[in-house]
Every structure is written in structure tokens, then in C-alpha cells.
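Understanding the architecture of this molecule
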Amino acid sequence: MTTIFSARKIITMNPGQPSATHVAVRDGRILGVGSLEELATWGAYTLDGQFADKVLMPGLVEGHAHAMEGSLWQKVYCGFFDRMDPDGKIWEGSKSIEAVIERLQEAETQLADPDEPLSGWQLDPIYMNNERVTRHDLDNVSCTRPVAVLHASGHIMNVNTKALELSGLLKQGLNHPGIPLGDDGLPTGELKSPEVMTPVGPHVGFDRAMTDCDEEGLRAFAKLCVRTGVTTVTDLAARLTDDGVDMMLRVTGEDAFPARIVPFRFFMGLPPKELVEVVSELAEKSTDRLRFGKIKVIADGSIQGFSARMRWPGYHNGAPNGLWYITPEHLAEIYDLALAANVQVHTHTNGDQATELALDTLETALLNSPSADHRFTLQHCQLADTAQFRRMHNLGMCVNLFANHHFYWGDEHYRLTVGPDRATRMNACHTALSSNVPMAIHSDAPVTPLGPLFTAWCAVNRLTASGKVQGEAEKISVADALYAVTLGAAYTLKLDSEVGSIEVGKKADFAVLEDDPETIGGDKLKDVRVWGTVQGGRMFAAADL
Ligand SMILES: [Zn+2]
């Protein structure tokens, strides 16, 4: 059974045939691309004209996101910027602490059970003169039920008095750097670091390991994918418990599930040898829409949280150097074993010292286990300099740069964290490409919103939230940006033989667009309207979700 779709334009990402008017699909795969006359040579077909006025491009590939974005939408959105939820509703950003409290109060009135916790997410004090939310602010939402708001970074949470009481933290004499105290000697309600948040989590509705998504969350995440043209997406730090794996297999196996999920096993919780073994075994459970077999390592923290590991001269405001999340020995062991087992590792490095560690470690590991095509990838890698990109190229590494970060936090990096010159070179897409390092760009959803065309806009324009162009020399072309969110990202996942371009034999995965991203203009890329997706030959209209 062959269906031939006609379109206003098909952007293929195949240099041998950059655009076409028709694509033939059989058994969920691309049978051919060309004119109707050419495709008709395959025999009987049904002509489907519903995309005749639309633009098709390869289904977008998000190489760094977290499915927990879907689960977080079950909580109250408290972010600064407007943001679309899985049902397509745009939530207006809360521009002050008062606005955050009002939104929580409104949500509170909807809760029937008086003991049910109320939780919000995506608070970011950096946009509110760094003013902190206190337990007293949140007591204005409720004194009787526990209330919590998670910060955009995911590493800090504010809770009300009731939540502190339930967790046994409402007492004098606490002495922990992650639990700031007020004038009364009691905690202010701010909880910094996963270590102090974890015991409170169960009382405030963050009761599962926060890196995992639940069933409802996974479905919601997939809806966001359809709305943003994404057909293949990573879940870049999953614990992958037996129950979690069973749930993901079941949900992604449903006929109506619209995306291909690539979960990476988070490195913590298992010694390296077992980690590599478990991931190798998991790979055998992979299905078309669920691809196991890869490892995610986190080397350091975040730049805006001053927990990234920096080389000299360190932070611009004099903050002490950040935190290692892994020891060099541990990283070396994972790289050695993974290379030997042909298991791919993606490593989060934010600071340039963390990037240097990953480069040094891989250089040594490759001497023990040479690999011609490992595609180990640096994730974020925001502060890499030109010499480090050259090393990535020499070592056969890929990079996935955090283009969205430049928009959301670029002004703060310039002013506060790393200073003008390093803020200007951050997420150096142009240097990556001119150093011949295979490159993707990403959102890190839920840290910033899922939406590869927005991410592409960020890389093309390098605007910060205040509207300043930061790093003219690191801008890339629209063509390079569209490549980065399709074949570029697919390459980092070793999926470029299956997805990322519209070519014979590949999956019939398309982003269906109302506007043409190649001609709309780089400054309007983020405004390209998405009709929905075709995934494995199945159609998903955003309007019908
Ligand atoms: Zn991430």
C-alpha cells in the first residue's frame, strides 16, 4: 500500500535532491522522493493532497531534552516567560513574586482535598533582581497544605512553613549550606541542592525521582513533540528502572504514540562495569519508537548556578569554582568500558574545565580501546574555546550546544557569571562547524521550552532576552541551523541512517509546516507555524491532540 503525499515544498536535507514536490510512503518508510510522475513508477498508489499547501521537512530531532517536561505540566507553571503546555495553551509568564503567588493561589482554589500538596515549577529569581521567595510568601497560598515551587534550574526549591514542618525541618540550629536561615533562626524555606530537596520532595508532590517521567507525563511530552514538529527526541537522563522501562515500552508501543524516544541511562547509582552491562542488555529491548543503549554522564553543574567547573580566570564575579559531579577516575572507567563495549556516552560539561577533563579522559581511553566511530558527544559544552573544538574534531567527538541558553541567560553571563568575552563566545556554533565537529543544538527541555525551530532561531540570531546580539561571529546560517536540528542531531544519536532527512529507505518522519523555514527569513524562524507531524507514516495534527 503506497501513499504519495504532495506538498507545496519538501525540504529533504539530502544534498543530492534538496527539494521536491512529492514523497511516496510505504510501510512507514520513504519509498521515493521526486515528482508524481517519477514516484508513480512504483505502481499503484493513493494520492494524498492534504499537505498540498504545506511545507514538509524531515521530522525534527531534539538531541537533549527530558521527558519529565511532560510530568511537570501536572504542576503549576511559575516561569517568567510565556510558555505553551501540551494542550497548546499558552501560559503567560509571571513577572514578579506577587504574580507567582497569585497563580498558585488560583490553583489552590481548584484543589478539593485539603491535605493535597500544591507544587509549581520553573521559578527563576534571576529575572526578579534575584529576590527570593520565602516560606512566608508561600504561606499566603496556604498554611494548611504543603506548597513548593521548583526553580528553573531544577536544583533549588522553595517551600512553605507546612512543608518544612512535615519534613521535620522547622527547627532552630540547622547547620547546612543548602538550608539558609532567617532572622528567627528558622529555615527561610529555600532548599538548595538535590541532597536537601530529596527528603522534602515526597511531602510536596515531587515524590518520584525527579529525573523520571510518569505515564501521563510521557504522553504529554509526546504531544509537545507533535506541536513543535519533533518526531525523535531524547530523554537524556533517565534512571530506567525495570518498572520505568516496562511503562515506556507499553506507552510508546501504543498505536497512537507519536514520537520516537531515545532514553539515556543516567550514570549514577551503578558501578561503571554494571552500568555498561545493564545498558548493553537494555539495548536489546529497543523497539522502533524506544531506543535504549546509551549512557549520560554529568561532569559538572551549571554556569548560572556557579556550579560549573571553570578554568582560569574563573567566574567573573569572583565566585569560587564549581562542583565536580564525577571524579576523573570514575569518568575514565566509564569511558574505557563503554568504548570497549561499543556503548555510546554523552557527557554534560558546562564549564571549560569540565570539557577539558572529558577531552583528556577520552584521549587516554581511545589509546586503550581505539574506536573509529564512537560519536561520544559533549552536551551543553557552553564555554568551549577554539582549541577545544579542534581537539573534539581530532578525537572524533560530536557536540550538542545549548543555543537556547544564550537567549535566556546570555545577559546574566555577560554581566555576572563569565564576563563579556566568554559570554560572547558561548555556544560557539560557528566555531564548531568550522572546526568540522558534528553539531546539534538543543533546548534541554524542561530547562527551556522544547521547540527546535526556536532553537534554530537562537543559533541564527544570537539575541539575548534583552534584545542584544551577543557573538556576531558565532551566528550560523539558516541552512546550517536547520541541518543541526535534523541530521545534525540524528548523527549524534547514531540515527542518521534512519531519520534526519527525507530520503529513500528512511522512516517516513516529517515536520508539517504552514510556512517555509528556508524563505521566511532567519529573524522569523521561531514564528514558523507547525501543523503537526508524520511519524512512521502516521499523521498527527496538533489541532486534533
Ligand atoms: Zn539536560
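Residues numbered from 1 in each chain as written. Predicted model: local features only at pLDDT ≥ 70, side-chain atom pairs only at ≥ 80, totals over all residues. Heavy atoms only, no water.

1. Considerations on the pattern of salt bridges
With the rule as written, the count across this model stands at 34 salt bridges. Across the salt bridge formed by Glu165 and Lys162, the nearest N and O atoms sit 3.7 Å from each other. With a gap of 3 residues between them, Glu165 and Lys162 both fall in helix α5 (residues 161–166), about one helical turn apart. For Glu165, a relative accessible area of 45% gives the class partly exposed. Residues participating in the shared-partner salt-bridge network are Arg311, Asp352, Glu356, Asp360, Glu363, Asp385, Arg391 and Arg425. (Salt bridge = Lys/Arg side-chain N within 4 Å of Asp/Glu carboxyl O. Helix = DSSP H or I, 4+ residues; strand = E, 2+ residues; numbered from the N terminus. Buried < 20%, exposed > 50% of the residue type's maximum accessible area, 1.4 Å probe, protein only.)

2. Focus: the coordination of the zinc ion
Around a metal, the perfect tetrahedron of four donors has angles of 109.5 degrees, and the perfect octahedron of six donors has angles of 90 or 180 degrees. For the zinc ion, the full set of protein donor atoms is His64 (NE2), His66 (NE2) and Asp444 (OD), at a range of 2.1 Å. Positions of the donor residues of the zinc ion, expressed as sequence spacing, correspond to H-x1-H-x377-D. Taken together, the positions of His64 in the loop between β6 (60–62) and α2 (68–72) and Asp444 in the loop between β20 (439–441) and α16 (452–461) put the pair 380 residues apart, joining distant regions of the chain. By relative accessible area, which is 1% here, His64 ends up buried. (Donors = N, O, S within 2.8 Å, 3.2 Å for Na, K, Ca; no water.)

3. Regarding helix α8 (residues 242–252)
Two residues of an α-helix separated by three or four positions point the same way, owing to the 3.6 residues in each turn. Of the residues making up α8, those classed as buried are Val245, Met247, Met248, Val251 and Thr252. All buried residues of α8 lie within an arc of 160° about the axis, which places them on one face of the element. Turned more than 90 degrees from where α8 packs its buried face, Asp242 and Asp243 sit exposed. Of the surrounding elements, those touching the buried residues of α8 are α7 (215–227), β14 (230–238), β15 (260–266) and α9 (272–283). (Arc of directions from axis to C-beta. Contact = heavy atoms within 4.5 Å.)

4. Regarding the environment of Glu503
Note on placement: Glu503 falls in the loop between α17 (478–492) and β21 (510–513). With residues up to four places along the chain from it excluded, the contact list for Glu503 reads Asn14, Ile30 and Val33. At 2.7 Å, the side chain of Glu503 and the side chain of Ser501 are in polar contact. (Polar contact = N/O pair within 3.5 Å; in protein donor to acceptor, adjacent residues only side chain to side chain.)

5. A short note on the sheet that holds β15
One open sheet accounts for 8 strands, arranged β6-β14-β15-β16-β17-β18-β19-β20; its pairing is parallel. Every other strand in the sheet has two partners, leaving β6 and β20 as the edge strands with one partner each. The sheet shows a mean angle of 20° between the axes of neighbouring strands, taken without regard to direction. Here strand β17 (residues 344–349) runs beside strand β18 (residues 377–380); their pairing, made up of 4 bridges, is parallel. Bridging across to β18, His346 finds its partner in Thr377. Across the face of the sheet, α9 comes into contact with β15 and β16 (294–298) while running at roughly 145° to β16. Its contacts with the sheet place helix α10 (residues 328–341) against β16 and β17, and it is angled at close to 155° to β17. (Pairing = 2+ DSSP bridges. Axes fitted to C-alpha atoms, helices over the stretch in contact; angles between N-to-C directions.)

6. Thoughts on unusual backbone geometry
A cis amide bond, omega 5°, links Trp312 with the succeeding residue Pro313. A cis amide bond links Ala445 to the next residue, Pro446, at an omega of 15°. Summarising the element assignment, Pro446 is placed in the loop between β20 and α16. Positive phi, close to 60°, is recorded for Asn130, a residue that is not glycine. Along the chain, the position of Asn130 falls in the loop between β10 (118–123) and α4 (135–139). Despite not being glycine, Lys494 shows a phi value in the positive range, around 55°. Along the chain, Lys494 falls in the loop between α17 and β21. What makes Lys494 partly exposed here is its relative accessible area of 30%.

7. A word on the packing of α10 against helix α11 (residues 352–368)
With their axes 9 Å apart at the nearest point, α10 and α11 run at an angle of 40° to one another. In terms of their interaxial angle, α10 and α11 are classed as oblique. The handedness of the crossing between α10 and α11 comes out as right-handed. Across from Pro328, Leu331, Ala332, Tyr335, Asp336 and Leu339 in α10, the residues of α11 making contact are Leu357, Ala358, Thr361, Leu362, Ala365, Leu366 and Asn368. Class assignment of the residues belonging to the contact of α10 with α11 gives a composition of 10 nonpolar, 2 polar and 1 charged. (Parallel < 35°, antiparallel > 145°, perpendicular 65-115°, else oblique. Left-handed = near helix turned anticlockwise from the far one by under 90°. Nonpolar A, V, L, I, M, F, W, Y, C, P; charged D, E, K, R; others polar.)

8. Examining α17
Under the 1.5 Å per step criterion, the end-to-end length of α17 is 20 Å for 15 residues, consistent within 8% with the ideal 21 Å. Along its length, α17 shows its largest kink, about 50°, at Ala484. Burial of α17 is extensive: 11 of the 15 residues sit out of reach of the surface. Downstream of α17 by a residue or two, Lys494 has a phi angle that is positive, lying close to 55°. (Expected span 1.5 Å × (residues − 1). Bend = angle between axes of the 7 residues up to and from the residue.)

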